[in-house]
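# What the coordinates show
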Amino acid sequence: MKLPVFKQMHYVSPSSFNSHQSCEFLTYLARLAGYKEFLQDKQGIAAAIGTAFDLFIKDKIERELSLPRNPELNLAYMLKTRIDEEHREVAEKTGRKIAKAYIACGLLEPILKFRGDVHVDVELRTIHLGVPIFGILDLALDDLPLDWKTRGFSKSSAYPKKGWVKRWDWDLETGSLKNRDENPKPDKYHLEKVNPIWAIQMLFYNWCLGRKQKHYVLEEICHHNDIISFARHEGSISEEFETSISEKLVVMWDNITGQMYYAEIEEPSPSKWTCEKFGFICKAAHLCKYYENTLGREDRRGDYE
Ligand code: SF4
């Protein structure tokens, strides 16, 4: 369907690409029709802890390597502005503990000893196949992207995803650290087989960094039972996956910017997975007649499970 554009998109980020893949109509409302409030979900405790961990580790890297930084954007200021007040106390306490355990595992050491250029919170931009793209990367070691993922810190637990090459388990009760190194099997799993959303994000970074081989390092920090696991994933992304994402990106950009005042938006097909992800109803549901006429109708909820 053709819908009027009130505010044009200037670039595509991994999150806008993924949200477009999941529901074009929601992307339209949030990014082309001016409903900015639909852009971000409320920060949950898991995201707050992940942010606190990130900030402690990045601060440590910047201090140890004497990286240039804006003195106004110091750790205290970042913790205050990046974490919602309702979670700040718990997130700071837990994030600090996890950061200490991460350092105790020796995971920070290779970063601090890296001989090339280390950049923290890198803003990346490029034009990929005619599409302007943008992303903010946790860490670049020369041109190798490294990202941290924290999972399992809310109600449900999370175990490291398959394919990790190194892993440490930290027992919260006893404080013991167990090294569970497995033989690295590079490329046994391409990243898209581990998690396609992560693979899309890493593809964007690789494109921006101009890498021919699409490589990555991802470190997962997962909470399960009374254990926190640190799992390192390294490897590549397949050419087939890259081609299919490139094609989708070009079509998305053409549909959004190809006409002067209108965007071509696919009519949504509401489902529990897209509209009620993780038990939260889409923020735009009250403006969405597609939801209202289907899932939103009490008598028809079972049809869309
Ligand atoms: S309610 Fe569902 S179909 Fe409607 S905008 Fe949100 S995600 Fe899309």
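Parameters at a glance
Residues numbered from 1 in each chain as written. Predicted model: local features only at pLDDT ≥ 70, side-chain atom pairs only at ≥ 80, totals over all residues. Pairing = 2+ DSSP bridges. Helix = DSSP H or I, 4+ residues; strand = E, 2+ residues; numbered from the N terminus. Axes fitted to C-alpha atoms, helices over the stretch in contact; angles between N-to-C directions. Expected span 1.5 Å × (residues − 1). Buried ≥ 20, exposed ≤ 12 C-beta atoms within 10 Å, placed from the backbone. Contact = placed C-beta atoms within 7 Å. Near = placed C-beta within 6 Å. Domains from an automatic or database assignment.

### Regarding the sheet that holds strand S2 (residues 118-128)
Pairing in this open sheet of seven strands is mixed, and the strands run S2-S3-S4-S7-S8-S5-S6 from one edge to the other. Looking at the sheet topology across the chains shown, the edges are occupied by S2 and strand S6 (177-179). Within this sheet the neighbouring strands show an average axis-to-axis angle of 25°, counted without direction.

### Focus on helix H5 (residues 85-104)
Its 20 residues place the ends of H5 29 Å apart at the C-alpha level, agreeing with the 28 Å of an ideal helix rising 1.5 Å per residue. Considered for burial, the residues of H5 that qualify are Ala91, Thr94, Gly95, Ile98, Ala99 and Tyr102. Looking at the buried side of H5, the elements it contacts are helix H3 (45-64), strand S7 (215-224) and strand S8 (227-236). Looking at the residues trailing H5, positive phi occurs at Gly106, about 90°.

### Some words on the site of the ligand
By nearness alone, 13 residues border the ligand, and Cys23, Pro268, Cys275, Cys282 and Cys288 come closest of all. Sorting the residues of the shell around the ligand by element identifies helix H2 (24-32), helix H10 (272-275) and helix H11 (289-292) as the ones contributing at least two each.

### A few points about the domain arrangement of the protein
For the protein, the domain assignment lists domain 1 (45-236) and domain 2 (271-305). Here domain 1 and domain 2 have C-alpha centroids that lie 33 Å from each other.

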